[in-house]
Amino acid sequence: MTVAGSTAAPPRTRAPVGLGALAGVVAGLVTVGVGSLVSLFTGAASDPLTAVGAAFVDATPPWLKEFATSTFGTADKTVLRIGEALVLALLAATAGILAARRWAWGATVVVLLGAVALAAALGRPGATWTAALPSLLGTIAGLVTLQSLVARLPRRAEDAGPQPAGSSGPDRRAFLQASAIGVAVGLVGLAAGRLLGAAGRAATAARAALHLPAPKVPAPPVPAGVDVGVEGVDPWATPPDDFYRIDTALVVPQVDPNTWKLRVHGLVEHEVELTWAELLASDLVEAWVTLACVSNPVGGDLVGNQRWLGLPVREVLARARPTAGADMVLSRSADGWTASTPLEALTDDRNALLAVGMDGEPLPLVHGFPVRMVVPGLYGYVSATKWVVDLEVTRFADATAYWTDRGWSQRGPVKTQSRIEVPSTGAHVDAGTVVVAGTSWAQHRGITRVQVQVDDGAWDDVTLADDGGIDSWRQWRYDWPATSGEHTVRVRAFDPDGPQTGAQADVVPDGATGYDEISVEVR
Ligand SMILES: Nc1nc2c(c(=O)[nH]1)N[C@H]1C(S)=C(S)[C@@H](COP(=O)(O)O)O[C@H]1N2
Ligand SMILES: [Mo]
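Residues numbered from 1 in each chain as written. Chains lettered and ligands numbered in written order. Predicted model: local features only at pLDDT ≥ 70, side-chain atom pairs only at ≥ 80, totals over all residues. Heavy atoms only, no water.

**Quick notes on the UniProt feature "transmembrane region" (unreviewed entry) in the chain**
As recorded in UniProt, the feature "transmembrane region" (unreviewed entry) lies at residues 21-41, 79-98, 103-123, 129-153 and 174-197. Counting secondary structure, residues 21-41 comes out at 100% helix and 0% strand; the distance between its end C-alpha atoms is 31 Å. (UniProt positions renumbered as here; feature names shortened; annotations may be inferred. Helix = DSSP H or I, 4+ residues; strand = E, 2+ residues; numbered from the N terminus.)

Right under this line is the structure:
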């Protein structure tokens, strides 16, 4: 400390303690506000206040937990939150008072608090390094706020005696204005983080508590032999965890089913609004459908088969009664993505569903919880809207959709395709019988035949696995009498219209074509 009364030094100044405390509290608010906002991207568990609170709960001795729940009941979490806020406010005020005296002291307190939050966030189960970001960025924002407020603190000479009454000079006003901005930033951050985060938790909690009704129309039993039984071939039923995910959502939309509504409007006689309760009370249909992405290259894996539960879209459209001239339905998701689907594909007898279930469970959040569309025979970009909230009956001539605005075709029927999964290309195999196996699909037309060609020989029929329906893919195997040397093996599938084309085409604008092929070395 400087020696009091040193004549060479400028007169010592001191800011009112109350304003220093205010600066600290504002900086604390900015810290938790920024942290809360950042946690929207890194997960609710990484929110500094939540992480510290959760770590505290985990570290609470059983007797204290017992006391808290017996005293406060289900309000124990609220009490914890309030207690945490009070403790934080006290510590932040202390940091402000210290910073007004000496910046380094106050900054040290802020950094220590930030470090506690960071450690708590990283210590949560399943935390990755991104969990550190809310505390880190929040602390930086808090330090910047504290410094700029301390710099604006109205100061007076320490020994100047009583100030004239109403000392609200311009510096005091500037400080209060800066504080008000800080308070606003902090509160907006907190509110945004809390409200959006709460919506997310509501979706997660609702999903966890959900029991889907039994289908009115169950899926037909799946024949035992749909799986060809060759190791290395993808399962006929794709486990939801392995199901490909394609969407434009940086943050998974959090849609609470209890507030979910589907609006059906446009070229209809009656606008319809469907609630979650009404949807679940409807006659639900179960169907196996293979979903494919238009961006799947030949031989690629952006395709999967699952059992979906949902209400046929035609039922909802029948209530709305599309008017003459309508030929398209523009479906829209909660995050504003759109797809244009031919009206016919949604009103004919196929299982075009407003799906709520996948593999007997509510849709996973990433696959569109609570409601998505599934339309057999069409690529996802023109049909499979996840988190769907709006159906506008319209005309292809009048409206376009997310990907059709970006150069993809208006119509997107799935192209008949085949994939060799075993052996993998470049493999070394022994001469003799080599099992070649894979999967083919021609959704809503059905696979009628699959053939394999070795080098430039004749196409030879393979053995098809059991048929799980025309909307699902089909596995096959081929026992190849392999002779030594380098060989190329290709595959082609047939639908009722004939063989798939061998002409190679890129995925843009309406799906890849060409034969999948492997090269193997036979010893
Ligand atoms: N809301 C929304 N739905 C969407 C998309 C999207 O970007 N946003 N992508 C579509 C595309 S291109 C495909 S291929 C499928 C993929 O569905 P999945 O992620 O459940 O496999 O979802 C479709 N539904
Ligand atoms: Mo897609």
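Next comes the rest of the write-up.
**Remarks on the sheet that holds strand β13 (residues 417-422)**
Pairing is antiparallel across the open sheet formed by 4 strands, whose spatial order is β13-β15-β19-β18. The open sheet has two free edges, formed respectively by β13 and β18 (463-464), since each of these has just one partner strand. Both β18 and strand β19 (residues 474-482) contribute to a ladder of 2 bridges, which runs antiparallel. Within the sheet, the bridge partner assigned to L464 lies in β19 and is W476. (Pairing = 2+ DSSP bridges.)

**With respect to the sheet that holds strand β7 (residues 328-333)**
Pairing is mixed in the open sheet, where 5 strands are placed in the order β4-β3-β12-β7-β8. Where the open sheet ends on each side, the last strands, each with one partner, are β4 (272-275) and β8 (338-342). Ignoring strand direction, the axes of neighbouring strands in this sheet form an average angle of 20°. Bridge count between β7 and strand β12 (residues 388-394): 6 bridges; the pairing is antiparallel. Bridging across to β12, L330 finds its partner in E392. (Axes fitted to C-alpha atoms, helices over the stretch in contact; angles between N-to-C directions.)

**Let's talk about the packing of helix α5 (residues 103-122) against helix α6 (residues 132-152)**
Put simply, α5 and α6 touch, their axes get as near as 8 Å, and they point 165° apart. Taken together, α5 and α6 sit at an angle that is classed as roughly antiparallel. Considering only the axes of α5 and α6, their crossing is right-handed. Contacts from W103, G106, A107, V110, V111, G114, A117, L118, A121 and L122 in α5 reach A132, S135, L136, T139, L143, L146 and Q147 in α6. Broken down by class, the residue content of the contact of α5 with α6 amounts to 12 nonpolar, 5 polar and no charged. (Parallel < 35°, antiparallel > 145°, perpendicular 65-115°, else oblique. Left-handed = near helix turned anticlockwise from the far one by under 90°. Contact = heavy atoms within 4.5 Å. Nonpolar A, V, L, I, M, F, W, Y, C, P; charged D, E, K, R; others polar.)

**A closer look at the pattern of salt bridges**
Scanning all chains against the criterion turns up 20 salt bridges. Among the salt bridges present, the one from R263 reaches E271, with a minimum N-O distance of 3.6 Å. Exposure remark for R263: the relative accessible area of 34% places this residue in the partly exposed category. D510 serves as the salt-bridge partner of K415, at 2.8 Å between the closest nitrogen and oxygen. With a gap of 95 residues between them, K415 in the loop between β12 and β13 and D510 in the loop between β21 (498-499) and β22 (516-522) connect regions that are remote in the sequence. For K415, a relative accessible area of 21% puts it in the partly exposed group. Judged by relative accessible area, which is 26%, D510 ranks as partly exposed. Connected through salt bridges with shared partners, the residues D234, R419 and E421 form a single ionic network. (Salt bridge = Lys/Arg side-chain N within 4 Å of Asp/Glu carboxyl O. Buried < 20%, exposed > 50% of the residue type's maximum accessible area, 1.4 Å probe, protein only.)

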